[in-house]
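Descriptive structure summary
Chain by chain, the residues:
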Amino acid sequence: MRYRTILLFGAPGGGKGTQGKILGTIPDFFHCACGDVFRSLKADSPTGKVFLEYSSRGQLVPDQPTIDLWRNFIETSTKTGRFHPQQDTLVLDGIPRNAHQAQMLKDTLDVVGIFYLRCTEEEQLVQRLQRRALKENRLDDANLDVIRQRLKTYERESKPVLDYYGKTLLHRINADQSPAKVLFDILRHVVKV
Ligand code: ADP
């Protein structure tokens, strides 16, 4: 079966995690942030090492280990009764992160909506990431060069995901607003998909 899925899309620091966590508390929604799955790995495990190597440079982890890890997480979540594929809508944040990953997941995901959280000010994103570095102890947020590299990677590799899925599923959300307003704008569409 293909999982009924909505995608949260947008630049690092754009608020996907904040919104995803809230949506995940609604009954029949299951939130999965790919970055959180990576960060839950032990630093000395094989995939944990690959993650640190790439994320510390602001680059994407190669596609195959990413998709393998993600599938594993979803299967474990299903077996342990946290995710109910028959009834839940999957809220994905951070995956697929390039067009090739979208291609790799085409038989797995039934994408019913894409929420593109748009932040107009790059400097606002940078500030949010720097604040998060202090709060969440994230190595990849601590260094300004790495932040700039992540934003470049997003523009170059992740943006094409929007073209892959096309315009009909796309909802543009103004992410410059307060988290409550962003949530309101997302929910207005979510109730219809
Ligand atoms: P952000 O959106 O702020 O960059 P994430 O927590 O989503 O943060 O991701 C942190 C890092 O984890 C990324 O910079 C990347 O190295 C790695 N990562 C997360 N998701 C993926 C993915 N789908 N494909 C490849 N790398 C990923």
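Structure first, text after, so check above.
Now for a description of the structure that goes with this document. (Residues numbered from 1 in each chain as written. Predicted model: local features only at pLDDT ≥ 70, side-chain atom pairs only at ≥ 80, totals over all residues. Heavy atoms only, no water.)

The next point concerns the overall build of the chain. When its secondary structure is counted, the chain shows 10 helices and five strands. Here the C-alpha radius of gyration of the chain, 16 Å, is about what a compact globule of 193 residues would show, namely 16 Å. A principal-axis box enclosing the C-alpha atoms of the chain has dimensions of 40 × 40 × 30 Å. The proportion of buried residues among the 193 residues of the chain is 47%. Sequence-distant contacts in the chain: of pairs separated by 6 or more residues, those separated by 24 or more amount to 75%. With an accessible surface of roughly 10,300 Å², the chain has 52% of that area assigned to carbon and sulfur atoms. Between the mean site of the 29 positive side-chain charges and the mean site of the 23 negative ones, the chain shows a separation of 2 Å. (Helix = DSSP H or I, 4+ residues; strand = E, 2+ residues; numbered from the N terminus. Rg over C-alpha atoms; globule rule 2.2 N^0.38 Å. Buried < 20%, exposed > 50% of the residue type's maximum accessible area, 1.4 Å probe, protein only. Contact = heavy atoms within 4.5 Å. Areas by Shrake-Rupley, 256 points an atom, 1.4 Å probe, with all protein chains shown as cover. Lys, Arg positive; Asp, Glu negative; His and termini not counted. Charge placed at Lys NZ, Arg CZ, Asp CG, Glu CD.)

Around the ligand, a shell composed of 20 residues is seen, among which Arg39, Gln59, Gly94, Gln101 and Arg132 lie nearest. One of the side-chain N or O atoms of Lys16 is found 3.5 Å from an oxygen atom in the ligand. Arg39 is positioned such that a nitrogen or oxygen atom in its side chain is 2.9 Å from an oxygen atom of the ligand. The fraction of the free accessible surface of the ligand (540 Å²) that becomes covered by protein chains is 97%. Of all the secondary structure elements, the ones that give two or more residues to the shell around the ligand are helix H2 (34-39) and helix H3 (46-55). The element contributing the most residues to the shell around the ligand is H2, with four residues. For the shell around the ligand, the residue count by class is seven nonpolar, six polar and seven charged. (Near = heavy atom within 4 Å. Polar contact = N/O pair within 3.5 Å; in protein donor to acceptor, adjacent residues only side chain to side chain. Nonpolar A, V, L, I, M, F, W, Y, C, P; charged D, E, K, R; others polar.)

Here we take up the nonpolar core. One broad trend across soluble globular proteins is that nonpolar side chains are buried collectively. Counting 36 residues, the largest nonpolar core has Trp70, Leu90, Leu92, Leu109, Ile114 and Tyr165 as its most contacted members. In this structure, Ile114 is in contact with Leu7, Phe9, Leu162, Tyr165, Leu169, Leu170 and His171, ignoring residues within four places of it in sequence. Residues Phe29, Val91, Leu117 and Val190 belong to the second largest nonpolar core, which totals 14 residues. (Core = buried A, V, L, I, M, F, W, Y, C linked by side-chain atoms within 4.5 Å.)

In the segment running from Ile95 into Pro96, the intervening peptide bond is cis, with an omega of -5°. For Asp28, which is not glycine, the phi torsion reads 75° and is therefore positive. Position of Asp28 relative to the elements: it lies in the loop between helix H1 (16-23) and strand S2 (29-33).

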